[in-house]
Amino acid sequence: MGNFSAKIAKFIEVLIDRRGYVKVLEGLQNTLIIAVLGLAIGIVIGTLIATVRVLPKYRRSVRVLNGACSVYVDFFRGTPMVAQLLLFYYVMLPLMGLHMSGMNVSIAVFGLNSGAYISEIMRAGIQSVDGGQMEAGRAVGLPFSTTMLKIVIPQAVKNILPTLGNEFIALIKETSVVSFVGAANLYTAFNYIGTNAYEFMVPYLAMAIIYIVIILLISFGIKMMERGLNKSDRRH
Amino acid sequence: MIDVIDLQKSFGDLQVLKGINMTINQGDIVCVIGPSGSGKSTFLRCLNCMEDPTGGQIIFNGVDIADMSVDINIHRRKMGMVFQQFNLFNNKTVLENIMLAPVYVGMKELKKKNPFPSRADKKKIIAEAKVNAMSLLCRIGLEDKANVYPSTLSGGQKQRVAIVRALAMNPEVILFDEPTSALDPEMVGEVLDLMKELAHEGMTMVIVTHEMGFAREVGTRLCFMDEGIIMEENTPAAFFDNPQCPRAIEFLSKVL
């Protein structure tokens, strides 16, 4: 145990006296930005794709659009996030002659990736809403898009909120791979501390604890949101 | 007002409607009865193109709305619909259920006149819709339920709200798809009473129903459907007292 307290002392020295906390805060900030923006982009893309997928299929344009969406979803669900990051950063961008920071690439890829997953979640959510809701909206003369946006999707989101929360949690955890394209995150921060303290046991332990704390907070937040959204189910 | 000409509807290989012709005039109360599977609900749902007809025409105010190139939403606003399962918007309060479509249409017309309407104009539309919705709720005695969600209402209350939701658009005709079939027996009366009131005010209605007493009392015309066609069409009194076609005689012997 004496050995362990020495390790903790060393960790604290690097964390505080040698300003390791700056790296941790930066990493924490990046992790949250990538996950939150990724989720936001993912919800928009996912909702659009899910809507395309539930459209009636008798028009040719809808079928073509459906095919395109299904290729997109298959690609992003069928390859690991690391591969997508590397492809985007080292293949796509140079081919297109563009330059983007590792951080921006990470946000874009996280958004595209979660869009693919959320589209499936959202489709299940939309299909869980009784078809009569759409019919009633159309019967009073609202267009498909308005009925979808004001009636069906709010009810779908309520049904899928726990699953959407899981997706957010998965995104938070997966941000640890953005170091592949040189973006700072919680993993790089604690790796930096470990390198400077010449020991990794305490830094990685601390990293895991931070992840758990963030995710417990998010779970709590989701539970509160669910309670708020369920108000239309309660009698008063 | 509505001219149905040789209306056909198939689901895949199954032909449900085999050529229906009907004229619905202002003030008509057409009751459609028939055994289950006869196509009466499908017929009603074709009238506002909830099901797209696969053949024939539906001329509503001079426009063939069965034509897929027509903007059906404009015409649906003039054809209210009431469903067997009520279909109130679960995520909206009772008041919002009634206001949603009128506010949407009001805003749309406002933006047509002025792409950047003032906040005062928008508020005015909402306020007008709210006054109208509240007066409709008062009419059915549910003004105290304005701000609750539909899940807290009884079946009869839900269906009455669904009827005034249709009325809020000032429709020229209301289509009723078995409006009392999902109700507990003691709640059927309140819904039928409201429908009778509308009938006396001269609302044009097309009603698919199993309530024979109601059809006889309120209907101005009665259509008996079976096997995808209208087998017999007559005044309710004449039909019930002296049915002509054998299928109608058989049907009435079972239900009366």
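Summary of the structure given here. (Residues numbered from 1 in each chain as written. Chains lettered and ligands numbered in written order. Predicted model: local features only at pLDDT ≥ 70, side-chain atom pairs only at ≥ 80, totals over all residues. Heavy atoms only, no water.)

### What about the packing of helix H6 (residues 131-139) of chain A against helix H7 (residues 144-174) of chain A?
All names here are of chain A. How we decide: To obtain each axis, a line is fitted to C-alpha atoms, and for helices this fit is confined to the stretch in contact; angles are then taken between N-to-C directions over 0 to 180 degrees. Helix numbering and strand numbering both begin at the N terminus, where a helix is a DSSP run of H or I of at least 4 residues and a strand a DSSP run of E of at least 2. Here a crossing is taken to be left-handed if its near helix is turned anticlockwise relative to the far helix by less than a right angle, and right-handed if that turn runs clockwise. In what follows, a contact means two residues having at least one pair of non-hydrogen atoms within 4.5 Å. Each residue is assigned to one of three groups, with Ala, Val, Leu, Ile, Met, Phe, Trp, Tyr, Cys and Pro labelled nonpolar, Asp, Glu, Lys and Arg labelled charged, and all others, Gly among them, labelled polar.
H7 packs onto H6 with a crossing angle of 145° between their chain directions and a minimal axis gap of 9 Å. Judged by the sense of rotation from one axis to the other, the crossing of H6 with H7 is right-handed. For the pair H6 and H7, contact is made by Gln133, Met134, Gly137 and Arg138 and by Phe144, Thr147, Met148, Ile151, Val152 and Gln155, respectively. In terms of residue class, the contact of H6 with H7 is made up of five nonpolar, four polar and one charged.

### Examining the nonpolar core
All names here are of chain B. Put simply, the test is: Nonpolar cores were defined as sets of buried Ala, Val, Leu, Ile, Met, Phe, Trp, Tyr and Cys residues, with membership established by side-chain atoms within 4.5 Å. When accessible area is computed with a 1.4 Å probe and restricted to protein chains, residues below 20% of their type maximum are described as buried, those above 50% as exposed, and intermediate ones as partly exposed.
One finds Ile98, Leu137, Val161 and Phe176 to be the most contacted residues of the largest nonpolar core, which totals 54 residues. Here the element with the most residues in this core is helix H6 (residues 185-200); it accounts for eight residues. In this structure valine 161 touches Leu88, Val94, Ile98, Leu137, Ile140, Leu142 and Leu153, once residues within four positions along its chain are discounted.

### Re unusual backbone geometry
Residues and elements named next belong to chain B. We note that phenylalanine 86 has phi near 65°; this positive angle belongs to a residue other than glycine. Mapped onto the fold, phenylalanine 86 is located in the loop between strand S6 (79-82) and helix H3 (94-113). Residue class for phenylalanine 86 comes out buried when judged on its relative accessible area of 9%. Positive phi outside glycine occurs at asparagine 170, with the angle close to 50°. Structurally, asparagine 170 is set in the loop between helix H5 (155-167) and strand S7 (173-177).

### Section: the interface of chain A and chain B
Many descriptions give the size of an interface as the accessible area lost when the pieces come together. Spelled out, the test is: Accessible surface is computed with a 1.4 Å probe, and the buried area is the amount of it that two parts give up when combined, taken over both parts together. Each salt bridge in this description consists of a side-chain nitrogen of Lys or Arg and a carboxyl oxygen of Asp or Glu lying within 4 Å of one another. A 3.5 Å cut-off defines polar contacts: any pair of N or O atoms within that distance qualifies, except that in protein one atom must be a possible hydrogen donor and the other a possible acceptor, and neighbouring residues in sequence count only when both atoms are side-chain atoms.
On the side of chain B, 26 residues touch chain A, which itself brings 23 residues to the contact. Both sides together, the interface formed by chain A and chain B hides about 2,200 Å², and carbon and sulfur atoms give 55% of it. Here chain A and chain B share one salt bridge between them. Between Glu135(A) and Arg45(B) there is a salt bridge, with its nearest N and O atoms 2.6 Å apart. At the boundary of chain A with chain B, the tally comes to nine residue pairs in polar contact (both at pLDDT 80 or more). For the side of chain A that touches chain B, the secondary-structure elements that each account for two or more residues are H6 and H7 of chain A. A per-element tally of the side of chain A that touches chain B places H6(A) first, with seven residues. Residues that form the side of chain A that touches chain B fall into these classes: eight nonpolar, seven polar and eight charged.

### Remarks on helix H4 (residues 81-96) of chain A
All names here are of chain A. Just so we agree on the cut-off: To estimate how far a helix should extend, the number of its residues minus one is multiplied by 1.5 Å. The seven residues ending at a residue and the seven starting there each receive a fitted axis; the angle between those axes is the bend at that residue.
Across its 16 residues, H4 extends 21 Å between first and last C-alpha, which sits within 8% of the 22 Å expected from 1.5 Å per residue. Its maximal kink placed at phenylalanine 88, H4 deviates by approximately 35°. Buried residues of H4: Met81, Gln84, Leu85, Phe88 and Leu93, and no others. Buried-residue contacts for H4 involve helix H3 (60-78), helix H5 (102-128) and H7. Among the residues trailing H4, glycine 97 stands out with phi positive, at a value near 70°.

### Brief notes about the pairing of S7(B)
Residue and element names in this part refer to chain B. Here is the rule we go by: Two strands pair if DSSP finds at least two bridges between them. With the strands pointing away from the viewer, any crossover whose connection runs clockwise from the first strand over the helix to the second is right-handed.
The buried fraction of S7 amounts to five of the five residues, a majority that puts the element mostly inside the structure. Because side chains alternate across S7, one face comprises the buried residues Val173, Leu175 and Asp177, and the other comprises Ile174 and Phe176, equally buried. Taken together, the four bridges between S6 and S7 define a ladder with parallel strand orientation. If you follow methionine 81 over to S7, its bridge partner there is leucine 175. With five bridges connecting them, S7 and strand S8 (residues 204-208) associate as parallel partners. By the bridge assignment, phenylalanine 176 is partnered in S8 with isoleucine 207. Traced from S7 through H6 to S8, the parallel crossover comes out right-handed.

### A look at the pattern of salt bridges
The final tally for this structure, using the stated rule, is 17 salt bridges over all chains. What you see here is one network of salt bridges that share partners, running through Asp226(B), Arg247(B), Glu250(B) and Lys254(B).

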